[in-house]
Structure formats: structure tokens, C-alpha cells
Amino acid sequence: MPLYDKDLSAFLNGLIIDKRGKKDGEQPKPEKNLNNNQVFRKLKIALELKDEHILEILMLADFRFSKHELSALFRKPTQSQYRDCKDQVLRNFLRGLQVKLRG
């Protein structure tokens, strides 16, 4: 079933609020366009994951990734070290997260 970026963004924003609580001020509006970096960042925030935890989760999916490569995914797009998150990285993160949570 297709899922539009705006709907996914609203879900992820709701997940952040559910897991971390509302922050003061105006609540974030759902983005109309999402990329893998934004989805990955929202999941990291919602699940309160540190880089070490993310690397462990990626290892559960038998996917090797360095801390330097990971930090490049969470940089601002204007920085020279910024790197686009490929589908393979996000897919393996989700697979590893599934293994971790389901046991």
C-alpha cells in the first residue's frame, strides 16, 4: 500500500512525541518531501539511539558500517562531509531493528 511522504512524516513526528514527549512551543509540521536521511534521523530521535547503538543494530543485519560513515548521514546537507543515506543502509537498519526488538 503506498504511503505518501507527508503521511510518513506525520507518523514519525507522532512517534517522536509518543516516545520523548511534546516539546515546548509549536509542534513540527509534517514535511511534504522526505529523504532517507530525514527518516533515519527521526527514527534515531524517537528511539533515543546513540551512534554505538545504531552500529550494533546494523551489525545484527550483518551490515558493516563505520562510525565516520554514520556521522556523515546526520550532518547538514550543506556540509562537505554530508552523505546521502542509500536505501540499502536504511533497509538494513530497519532489518536489524526488527531483529533486536523481536528477539
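Along each chain, the written sequence defines residue order, and numbers are assigned to residues from 1. Since the coordinates come from a predicted model, pLDDT governs what is reported: local features require at least 70, and pairs of side-chain atoms require 80 or more to be given and counted, while whole-chain, interface and lining totals use all residues. Working from all heavy atoms in the structure, the side-chain values ignore hydrogens and water.

Caption draft 1: Local environment of the packing of aromatic side chains. Working definition: a ring pair exists when centres of Phe, Tyr or Trp rings (six-membered ring for Trp) sit within 6.5 Å. Plane angles under 30 degrees give stacked, over 60 give edge-to-face, the rest tilted. On inspection of all chains with the given rule, the structure shows 3 aromatic pairs. Measuring from centroid to centroid gives 5.2 Å for phenylalanine 40 and phenylalanine 74, while their planes differ by 65°, and the two rings are edge-to-face. Within this pair, whereas phenylalanine 40 is found in helix α2 (residues 36-46), its partner phenylalanine 74 is found in the loop between α4 (67-73) and α5 (87-102), the two being separated by 34 residues in sequence. Like phenylalanine 74, phenylalanine 40 is buried. Seen from their ring centres, phenylalanine 63 and phenylalanine 65 are 5.8 Å apart, and the 25° between their planes marks the pair as stacked. Connected via pairs of aromatic rings, a cluster forms that spans Phe40, Phe74 and Phe93. Over a ring means this: the NZ of a Lys or the CZ of an Arg is within 6 Å of the ring centre and within 35 degrees of the ring normal. The cationic tip of lysine 44 hangs over the ring face of phenylalanine 74; the distance from NZ or CZ to the ring centre is 4.3 Å. We count a stretch as a helix when DSSP gives it H or I for four or more residues in a row; a strand needs E for two or more, and each element gets its number in order from the N terminus. Residue burial is assigned from relative accessible area. The probe radius is 1.4 Å, only protein chains are included, and a residue is buried under 20% of its type maximum, exposed over 50%, and partly exposed in between.

Caption draft 2: Fine view of α2. Looking at α2, one finds that the buried residues are Asn36, Asn37, Val39, Phe40, Lys42, Leu43 and Ala46. Looking at the packing, one finds that the buried side of α2 touches α1 (5-20), α3 (51-60), α4 and α5. Any N or O atom pair separated by 3.5 Å or less is treated as a polar contact, with the protein-specific requirement of one donor-capable and one acceptor-capable atom, and with residues adjacent in sequence counted only for side-chain atom pairs. If you check the start of α2, you find a side-chain oxygen 3.0 Å away from the backbone N of asparagine 37, and it comes from asparagine 35. By the convention used here, residues are in contact when the closest approach between their heavy atoms is within 4.5 Å.

Caption draft 3: The arrangement of the layout of surface pockets in detail. Quantified by volume, the largest pocket comes out at close to 200 Å³. The wall of the largest pocket is formed by 14 residues, among which Asn35, Asn37, Gln38, Arg41 and Arg75 lie closest to the centre. When residues in the lining of the largest pocket are grouped by element, the largest group, 5 residues, is from α2. Any residue that is not Ala, Val, Leu, Ile, Met, Phe, Trp, Tyr, Cys, Pro, Asp, Glu, Lys or Arg is counted as polar, Gly included; the first ten are nonpolar and the last four charged. Within the lining of the largest pocket, the residues separate by chemical class into 6 nonpolar, 3 polar and 5 charged. In this analysis a 1.4 Å probe is tested at points of a 1 Å grid over the protein atoms alone, and where it fits but cannot get out there is a cavity; an open set with protein on both sides within 12 Å along at least five of seven lines is a pocket; lining residues have an atom within 4 Å of a point. Grid points are joined across faces, edges and corners, and a volume is the space filled by probe spheres set on the points.

Caption draft 4: Molecular detail of the confidence of the model for the protein chain. Looking at the protein chain as a whole, its pLDDT mean stands at 94, while 100% of the residues score no less than 70. Averaged pLDDT values over the elements of the protein chain bottom out at 94 in α1 and peak at 97 in α3. Residue-level confidence of the predictor is summarised by pLDDT, bounded by 0 at the bottom and 100 at the top.

Caption draft 5: Focus on the pattern of salt bridges. Here, a salt bridge means any Lys or Arg side-chain nitrogen found within 4 Å of an Asp or Glu carboxyl oxygen. This structure, assessed with the given rule, holds 5 salt bridges. Its salt-bridge partner being glutamate 31, residue lysine 42 comes within 3.4 Å of it at the nearest N-O pair. Here glutamate 31 lies in the loop between α1 and α2 and lysine 42 lies in helix α2, a separation of 11 residues in the sequence. Judged by relative accessible area, glutamate 31 falls into the partly exposed class, the value being 27%. A salt bridge links lysine 44 to aspartate 51; its shortest N-O distance comes to 3.4 Å. On the accessibility criterion, aspartate 51 (19% relative accessible area) is buried.

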